[in-house]
Amino acid sequence: MTVENGPAGGTVPVEDQPQYAQTAAYEWTERAYRLLLGGQLQARPFDADGVLSSHVWGDCPRCGHQLDHRQVHTAVAAGPGRQTGGRIIPPTLPTLEIDVPCGCRHTHSGAPDGTLGCGVSFRVEIVVGPTS
Ligand SMILES: [Zn+2]
Ligand SMILES: [Zn+2]
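Since the structure is predicted, the reported quantities are computational estimates derived from the model, not experimental observations. (Residues numbered from 1 in each chain as written. Chains lettered and ligands numbered in written order. Predicted model: local features only at pLDDT ≥ 70, side-chain atom pairs only at ≥ 80, totals over all residues.)

**A word on the overall build of the protein chain**
Per the secondary structure count, the protein chain includes 1 helix and 7 strands. Tracing the protein chain from N to C terminus, the helices and strands come up as α-β-β-β-β-β-β-β. Residue burial in the protein chain is summarised as follows: out of 132 residues, 22% are buried. Within the protein chain, contacts between residues at least 6 apart in sequence are counted, and of these 59% link residues at least 24 apart. (Helix = DSSP H or I, 4+ residues; strand = E, 2+ residues; numbered from the N terminus. Buried ≥ 20, exposed ≤ 12 C-beta atoms within 10 Å, placed from the backbone. Contact = placed C-beta atoms within 7 Å.)

Listed below in structure tokens is the structure:
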């Protein structure tokens, strides 16, 4: 076992790709949140004929490759105010919690045959509010 200390805040160089590992460690959700703030990762809800979907795209927080994830949601959580990823979601706004797997088009070393992506999954939370 080696301890990984990734470059602070940067994307991972291609020659330094992480090995495939199935992980949903909270650090990736935190890193994804920082990428969202920086604009390297984007998340948008959209409504198509009354069906709520989400689209997440940008840099994978683990391997730095481009991912593009779409998901259809059947329920929107209109929960009480709570704190997530260091920010506070206002109690009045419904949010979508999206579990995003790495969907990059690269084969990482150690991945099962035919599996693309680095194996990470992380959570993105977006507010589905009035957008006026
Ligand atoms: Zn990757
Ligand atoms: Zn990845």
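Having seen it, we continue.
**Observations regarding the nonpolar core**
In summary, soluble globular proteins display a tendency toward joint burial of nonpolar side chains. The biggest cluster of nonpolar side chains holds 17 residues, and the ones touching the most others in it are Ala32, Cys60, Cys102, Cys104, Cys118, Val120 and Phe122. Mapped onto this core, the elements with two or more residues apiece are α1 (26–38) and β7 (121–127). Apart from residues no more than four positions distant in its own chain, Phe122 is found in contact with Ala24, Trp28, Thr29, Ala32, Pro61 and Val100. (Core = buried A, V, L, I, M, F, W, Y, C linked by C-beta atoms within 7 Å.)

**Some points on the environment of Gln19**
Within the secondary structure, Gln19 sits in the segment before α1. Classification of Gln19 by C-beta neighbours within 10 Å gives exposed; the count is 12. Put simply, Gln19 and Cys63 are 44 residues apart on the chain and 8.9 Å apart in space, counted from C-alpha to C-alpha.

**Things to note about α1**
The terminal C-alpha atoms of α1 lie 19 Å apart, and with 13 residues this matches the ideal 18 Å at 1.5 Å per residue to within 8%. Taken together, the buried positions of α1 are Trp28, Thr29, Arg31, Ala32, Tyr33 and Leu35. Among the structural elements, β1 (41–48), β2 (51–59) and β7 are those in contact with the buried residues of α1. With its phi angle positive at about 90 degrees, Gly39 sits one or two positions after the end of α1. (Expected span 1.5 Å × (residues − 1).)

Any functional reading would require information that these geometric values do not contain.
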